[in-house]
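Residues per chain are reported as follows:
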Amino acid sequence: MDDLALDSLKPGEGGYILSLDRTHPLRRRLLELGFVRGARVSIVRRAPMGDPVELRINGTDLALRASDLGGIWVRL
Amino acid sequence: MTAPFSAPSLPEMLVPDEQACRATLERLQAQSEPRVVVVGNPNTGKTTLINAVAGTNLKVGNWSGVTVEKREAQMSVAGRKVHLLDLPGAYSLSPHTPEELVTRTALLDESPDVILNVLDAGNLERNLYLTLQLLDFEIPVAVTLNLVDEAQEKGLNVDAAALSRALGVPVRETVASRQQGTQTLLETSLQQATLGVRVRYPRLIEDAVGDLVGRMKALPTLPSHAHRYLALALLEGDPSVRGRLSATGHTALIDAADAHLAVLEAQGTDALIEIAEARYARAGDLARLSVPQAEARRTLTDRLDGLALHPLLGIPLFLGLVLLVFRLTFSVASPFVDLIGGPLQDTVSGWASALLAWFPLGRDLVVGAIIPGVGTVLSFLPTLLVLYLAMSFLEDSGYMARAAFLMDRTMRTLGLDGRAFIPLILGFGCNVPAVSATRTLEHRSDRIVVSMILPFMSCSARLPVYVIFAAALFPKAGSWVVWGMYVLGMAVAFTFAYFLRRTSYPAEGGGVLLELPPYRFPAWKVLWKHAWRRTASFAKRARTTVLATVAVVWLLMALPAVTGQKFATVPPQDSIFGKVSQAMSPIFAPLGFGDWRAAGALVPGFIAKEVVVGTLGQIYLGEQAATPAPLGLVAGVQQAVSATWEAVKTSLGAVPTVLALPHLGTDTATDQKSPLARALAGAFTPASGLSYLVFVLLYTPCIVTVGAIAQEHGRKVAWVTVAYQLSIAWVTAFLVYRLALGLGL
């Protein structure tokens, strides 16, 4: 039972959302897109220069910058 | 798959009050001209659906005050006149972009009678989030599951009947691209739409909502169909709803909401999270209910992205694609551009000369100003049409989002995000639509910075100037000069962006989020309509300005400034135009082109860059080009038909060659120089010609672009842009001229 920030996951790995930091710059938008407690999220790939990062949640592919993955906490 | 810890418990449902429901439905049935709004997430095929439903009734315009596209139609459905209004795609009703704000504002202010909610059948959970928000309005809802075919390919078979039972509103299935289910969609939606089952939020939140709704009932200025939505938005801390309510004098409501939030907070409840969790718990439940066995399949999108977003191949592939688009534009469109500017214009001029032979002054005005003016605008259209088709294809297929993903890291060094790359690419076609494309950026400062650097992206109107100078002065390295202009424009744009970021418009914080929608093959009909409409709207906007400019320049050139000369026969240097240009020319002397003729041709370019070449022609060639031989009707038709046939052949013949590598440096043979090129070769040195091109590249955007910037960001930004660019153009041209002289050019 490891609690990790999303930026420590590698492509192909995934976890279940635990929480979003209150200060996360995209908090409101991420909640609307389904980053709620218990949702399954996985890392699909990184862009050619390592950043941004493609995520899959609820069957949708989204890209976030690596720096914005820090405040998203997941449990494997 | 379930989470290994306690997920939010399933919320209960809230069945709408029976009386309220009946009253709403009666109102809908009694409405003689019902208004239907179409709402859905981006990438649900909504535009295709609207096209299929409304067909030729569809009118496309702009929402007032913003350059967000407004699609509406009036059509007769079962004896009633129905107003259909398509709202911009939105993920939620808490707006983050101007488009989402338009959608939310319309729901509050346009008092729709029915909401037609379009869902992507393959992505129910997220799409239902918006549905659940819509159900909080007192407006009847009808749902259509679009892209059913795509969902089935993914192995998702949605049970529309089960979804309809659970939501309490009608649910239809459509495949808009094949017009399946679209024929009767509007009629059944009007008949069956109703208030659906709402999410019941946790008790503390429902109590607060109840209190706020109670307060709103006493306030007649608030839209009565939106009380519950507004109460929830207040508790979610939606800044735009707060702003709107405080601007309309409802601060007491905001205070009440804040008091509730303080109480919730003290009890450890974060309303924003609780509301989102309750909606997603319900959306997930509904999705599971209506898609019994979902099996993940590796889709076409996954395979294509493996290539398009490949760590090594992704970026080269993207750059290759951009190059291909521009090569396609030039090689397919240029025979038609030459056709319109050359043989067709000559034919019409010939006819006009024959018809107006009895009235020389009128003939000169028509042949010397009106026909070239109209011809200039028309000759611009083939390029734009091909470019817009290609761009719409990349946009609608989903590739543009990948481009943003690929370019994000690069754009970040400028304090911009990957999405800003898209308007910049569009800028190569035409700056005007590119300025409107900045509205998809989230932050105002981003939109302004991109709009201000956009005019440095060399639009296709500037290309003819490069081409004629390249042919005149650089016969061996013409293509390199043209490419160099594009590269220089980008370099200046990026430098300027870097500077703006560190001075007037620092980056606003807030993360970056891109959706990578599934790849779709765009519907040709929609693409064609899109491209055609954009092109036509350009022609409409450009027509007046370009025609007026050419006419004014002709008049100024016809009016003598020296006594003893007669109207229309005055040599250019003695006309008013000549005198004004002569007064202005010393400014350009340090740049190597202090000649009044060169300086004079820049003036009309303020109004539209495509007239620079035309004016150069007027000035350098004078009467020689302005009086074509009179032409008979039959001979003219023969000439026009054979020229058109040649252009079609050349254009089709060019299609296979776009894949070949560009041959740089061998494309402009000296013996094929046009009369204008020969005249320019005599008037400019390579160094002064280069400096002139740099000035044309960088100086003030055309008036249509300035207008678009003013419309988007206000007059101040527009004028600042004009002033900045003039100075940058002068300084850069000066540097290039000195450098070229130093290199011995």
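These figures come from a predicted structure and were not determined experimentally.

Remarks on the overall build of chain A
Then, in step 1: Counting its secondary structure elements, chain A contains two helices and six strands.
Then, in step 2: Going from N to C terminus, chain A has its helices and strands arranged as β-β-α-β-β-β-α-β.
Then, in step 3: Over its C-alpha trace chain A gives a radius of gyration of 11 Å, about what one expects of a compact globule, namely 11 Å for 76 residues.
Then, in step 4: Each principal axis of the C-alpha distribution contributes one length, and for chain A these read about 30 × 25 × 20 Å.
Then, in step 5: Counting only residues that meet the buried cut, chain A has 61% of its 76 residues in that class.
Then, in step 6: Taking contacts inside chain A between residues at least 6 apart in sequence as the whole, the part at least 24 apart equals 57%.
Then, in step 7: Counting every atom, chain A has about 2,800 Å² of accessible surface; 48% of that belongs to carbon and sulfur.
Then, in step 8: Each charge class in chain A can be summarised by its mean position, and for the 12 positive and 10 negative side chains these summaries are 4 Å apart.

Some thoughts on the packing of helix α8 (residues 203-217) of chain B against helix α9 (residues 227-235) of chain B
All names here are of chain B.
Then, in step 1: The N-to-C vectors of α8 and α9 enclose an angle of 125°; their axes lie 9 Å apart at closest approach. Judged by the inter-axis angle, α8 sits oblique to α9. In this structure, α8 crosses over α9, and the sense of that crossing is right-handed. Across from I205, E206, A208, V209, L212, V213, M216 and K217 in α8, the residues of α9 making contact are H227, R228, L230, A231, L232, L234 and L235.
Then, in step 2: By residue class, the composition of the contact of α8 with α9 is 11 nonpolar, one polar and three charged.

With respect to the pattern of salt bridges
Then, in step 1: Inspection of every chain in the model, using the stated rule, returns 36 salt bridges over all chains.
Then, in step 2: The salt bridge partner of A:R22 is B:D270, with a shortest N-O separation of 3.1 Å. One end of the pair, A:R22, is in the loop between β2 (14-20) and α1 (27-32); the other, B:D270, is in the loop between α11 (251-266) and α12 (271-290), on a second chain.
Then, in step 3: By relative accessible area, which is 16% here, B:D270 ends up buried.
Then, in step 4: Where A:R45 meets A:E54, a salt bridge forms, and the shortest distance between an N and an O atom there is 2.8 Å.

So, the domain arrangement of chain B
Residue and element names in this part refer to chain B.
Then, in step 1: Per the domain assignment, the segments of chain B are domain 1 (13-199), domain 2 (203-268) and domain 3 (316-504 + 514-742).
Then, in step 2: Each of domain 1 and domain 2 was reduced to a C-alpha centroid, and the two centroids are 26 Å apart.
Then, in step 3: With 19 residues of domain 1 in contact, the opposing surface of domain 2 contributes 14 residues.
Then, in step 4: When domain 1 packs against domain 2, close to 1,200 Å² is buried across both sides, 51% of that on carbon and sulfur atoms.
Then, in step 5: When residues of domain 1 are sorted by the area they lose upon contact with domain 2, R104, L108 and D136 head the list and together hold 43% of the total.
Then, in step 6: Here domain 1 and domain 2 share three salt bridges between them.
Then, in step 7: Taken together, the links from domain 1 to domain 2 amount to eight residue pairs in polar contact (both at pLDDT 80 or more).
Then, in step 8: Contributions of two or more residues to the side of domain 1 that touches domain 2 are made by α3 (98-109), α4 (124-134) and β9 (198-199).
Then, in step 9: Its residues placed into classes, the side of domain 1 that touches domain 2 shows 10 nonpolar, four polar and five charged.

Thoughts on the pairing of strand β6 (residues 114-120) of chain B
Residues and elements named next belong to chain B.
Then, in step 1: Most of β6 is tucked away, with seven of its seven residues classed as buried.
Then, in step 2: Burial of the side chains of β6 extends over both faces: V114, L116, V118 and D120 are buried on one face and I115, N117 and L119 on the other.
Then, in step 3: With five bridges connecting them, strand β2 (residues 35-40) and β6 associate as parallel partners. Each residue of the ladder has a partner; that of V37, found in β6, is I115.
Then, in step 4: As defined by bridge partners, β6 adjoins strand β7 (residues 141-146) across six bridges and the pair is classed as parallel. Its bridge partner lying in β7, L116 is registered against A142.
Then, in step 5: Between the parallel elements β6 and β7, the chain passes through α4 in a crossover that is right-handed.

A closer look at the confidence of the model for chain B
Then, in step 1: Within chain B, residue pLDDT values average 84, and 92% of them lie at 70 or more.
Then, in step 2: With pLDDT under 50 throughout, residues 662-671 of chain B is counted as low confidence; its partners more than four residues away or in other chains account for 14 contacts.

Details of the interface of chain A and chain B
Then, in step 1: Facing the 40 residues of chain A at the interface are 49 residues of chain B.
Then, in step 2: In total, about 4,100 Å² of surface goes out of reach between chain A and chain B, with carbon and sulfur atoms giving 58% of it.
Then, in step 3: When the area that chain A buries against chain B is broken down by residue, the three leading residues are A:R28, A:R29 and A:R65, summing to 18%.
Then, in step 4: In this structure, A:D51 and B:R412 form a salt bridge, with 2.9 Å as the shortest nitrogen-oxygen distance.
Then, in step 5: Counting the contacts that link chain A with chain B gives 22 residue pairs in polar contact (both at pLDDT 80 or more).
Then, in step 6: Looking at which element gives the most residues to the side of chain A that touches chain B, the answer is α1(A), with six residues.

A look at the packing of aromatic side chains
Residue and element names in this part refer to chain B.
Then, in step 1: Taken as a whole and judged by the stated rule, the model has 25 aromatic pairs over all chains.
Then, in step 2: When the ring of F588 is compared with that of F695, the centres are 5.3 Å apart and the planes differ by 85°; the resulting orientation is edge-to-face. Residue F588 is located in the loop between α23 (576-584) and α24 (596-605), and its partner F695 is located in helix α29 (residues 686-698); the two are separated by 107 residues in the primary sequence. For the pair F588 and F695, a shared accessibility class is recorded, and that class is buried.
Then, in step 3: For the cation-ring pair, R279 lies above Y129, with the distance from its terminal atom to the ring centre recorded as 5.4 Å.
Then, in step 4: The ring of Y498 carries the charged tip of R502 above its face, separated from the ring centre by 3.8 Å.

The rules we used
Residues numbered from 1 in each chain as written. Chains lettered and ligands numbered in written order. Predicted model: local features only at pLDDT ≥ 70, side-chain atom pairs only at ≥ 80, totals over all residues. Heavy atoms only, no water. Helix = DSSP H or I, 4+ residues; strand = E, 2+ residues; numbered from the N terminus. Rg over C-alpha atoms; globule rule 2.2 N^0.38 Å. Buried < 20%, exposed > 50% of the residue type's maximum accessible area, 1.4 Å probe, protein only. Contact = heavy atoms within 4.5 Å. Areas by Shrake-Rupley, 256 points an atom, 1.4 Å probe, with all protein chains shown as cover. Lys, Arg positive; Asp, Glu negative; His and termini not counted. Charge placed at Lys NZ, Arg CZ, Asp CG, Glu CD. Axes fitted to C-alpha atoms, helices over the stretch in contact; angles between N-to-C directions. Parallel < 35°, antiparallel > 145°, perpendicular 65-115°, else oblique. Left-handed = near helix turned anticlockwise from the far one by under 90°. Nonpolar A, V, L, I, M, F, W, Y, C, P; charged D, E, K, R; others polar. Salt bridge = Lys/Arg side-chain N within 4 Å of Asp/Glu carboxyl O. Domains from an automatic or database assignment. Buried area = accessible area lost by both parts, 1.4 Å probe. Polar contact = N/O pair within 3.5 Å; in protein donor to acceptor, adjacent residues only side chain to side chain. Pairing = 2+ DSSP bridges. Right-handed = clockwise from strand over helix to strand, strands pointing away. pLDDT = per-residue confidence, 0-100. Phe/Tyr/Trp six-rings, centres within 6.5 Å; stacked < 30°, edge-to-face > 60°. Lys NZ or Arg CZ within 6 Å of the ring centre and 35° of its normal.

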